[in-house]
Amino acid sequence: MAQTIQGIRGMNDVLPQESSRWQFFEQVTREWLAAYGYSQIRMPIVESTHLFIRGVGEHTDIVEKEMYAFEDSLNGEKLTLRPEGTAGCVRACIEHGLLYNQTQRLWYTGPMFRHERPQKGRYRQFHQMGIEAFGFATPDVDAEVIVMLADLWPRLGLSGMSLELNSLGDIEERAAHRAKLIQYLEGYIDILDEDSQRRLYTNPLRVLDTKNPALQEMAENAPQLIDFLGEASKSHFETVKALLDDAGIAYTLNPRLVRGLDYYNRTVFEWTTTQLGAQSTVAAGGRYDGLVEQLGGKPCPAVGFAIGIERLMLLLEINEVAIPAQLPDVYVVHQGEAAARNAFTVARQLRAAGLNVIYHGGSGSFKSQFKKADQSGARFAVVIGEGEVASQTVNLKTLTGEQQGKQEIVSQDQLAQVIRSI
């Protein structure tokens, strides 16, 4: 017997018993995104490697350690399975002229890829839903995208989410803080772990985001970027906070919140939970006003976020959120060759009338077919035998509800109408 082939570690199948949660999330979020005026954009999962080096940042963990980058053996192109969605969305907008003298509110969803150590809530192929708002420089849109997520949680039946907030300021302010921070960190060079030493001169802000317990006191006492903000950045951030206060959304100011991508400026935020252990961030984002120009477009302010869908699926399961069942309306049972052909036609007619129908494939006794009908969760069984074929009727049996067990003979021409009336 041939050896079975296993799935790739960290790239998971979503089985039928799990997919109802994904479909519930997708249905809820489509309505939610429409309520805020967002339109869908679909980008390819493979992009030029150079896009992520320029967009995400050459010295980020994603680019240095996690990207699935390869050379196309057919033409030598350097390609990468996308590790995040923003850079590809910006590339698509520039390429197709979507940002010229106009604003855009866009959303996308799909698989992303990072070569990380697989663990609960963190996978090598994972899925995100992201939104990007282009052409809006004012802080009200920063606040709106945060409020969007606050509105999403109750739609999904989730509670207990916490918001962390920070401002990274503008380029000049970050440069001044960076110089002071490097000077400060150099005084602790002997205690910095390998990751922190690697980041010291390339991405020192990420040193403050360390999870190493031995470095927490050092990180707490480091120069804070918020102390380097100019008046414009301070005013922007104060307005964001005021709008969140007006909306009644609680938040915690976290001066060590920097995000792992180089393109952010000014507002950054994370929505977190205590229910997932170490993988506590469920959605995160912020402002990235320089990225469009950095990738070859004309200057264009932008803000957005991404949601980790696998983590949301875990939260839906942990919180035992009731997922609406997607059950068939009718299960068609038949006995005999002529009845099977007639039942096949009846099933098609019922589907054409807008009903969800399972036609029993193959043969089997009435008893075994009714067992499968019960297991399907269908409201009705339509039973066709030789007598029903001759009279062009069916035996309609109610399988669930107050009238469970009720049977009646119904004309095939009137069947859909009768089912809808019950």
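Residues numbered from 1 in each chain as written. Predicted model: local features only at pLDDT ≥ 70, side-chain atom pairs only at ≥ 80, totals over all residues. Heavy atoms only, no water.

### Remarks on the sheet that holds strand β11 (residues 302-308)
1) Next: Spatially, 8 strands are ordered β1-β5-β6-β11-β10-β9-β7-β8 in an open sheet, and the strand pairing comes out mixed. What marks the edges here is a single partner per strand, and that holds for β1 (39-40) and β8 (252-253).
2) Next: Examined bridge by bridge, strand β5 (residues 104-113) and strand β6 (residues 125-134) share 10 bridges and lie antiparallel to one another. The residue bridging P111 from the neighbouring strand is H127, located in β6. (Pairing = 2+ DSSP bridges. Helix = DSSP H or I, 4+ residues; strand = E, 2+ residues; numbered from the N terminus.)

### Considerations on the pairing of strand β9 (residues 265-272)
1) Next: Burial runs high along β9: 8 of the 8 residues are buried.
2) Next: Here strand β7 (residues 162-167) pairs with β9 via 6 bridges, running antiparallel. Residue pairing across strands places L163 opposite W271, the latter belonging to β9.
3) Next: As judged from the 6 bridges shared by β9 and strand β10 (residues 281-287), these two strands associate in the antiparallel manner. What sits directly across from T272, in β10, is T281. (Buried < 20%, exposed > 50% of the residue type's maximum accessible area, 1.4 Å probe, protein only.)

### Some words on the sheet that holds strand β14 (residues 380-384)
1) Next: If you walk across this open sheet you meet the 5 strands as β13-β12-β14-β15-β16, and the pairing is mixed. The sheet is open, and its two edges are formed by β13 (357-359) and β16 (407-411), each paired on a single side. Taken over all neighbouring pairs, the strand axes of this sheet differ in orientation by 25° on average, direction set aside.
2) Next: Sheet topology note: the strand β12 (residues 330-334)/β13 ladder contains 3 bridges and is parallel. (Axes fitted to C-alpha atoms, helices over the stretch in contact; angles between N-to-C directions.)

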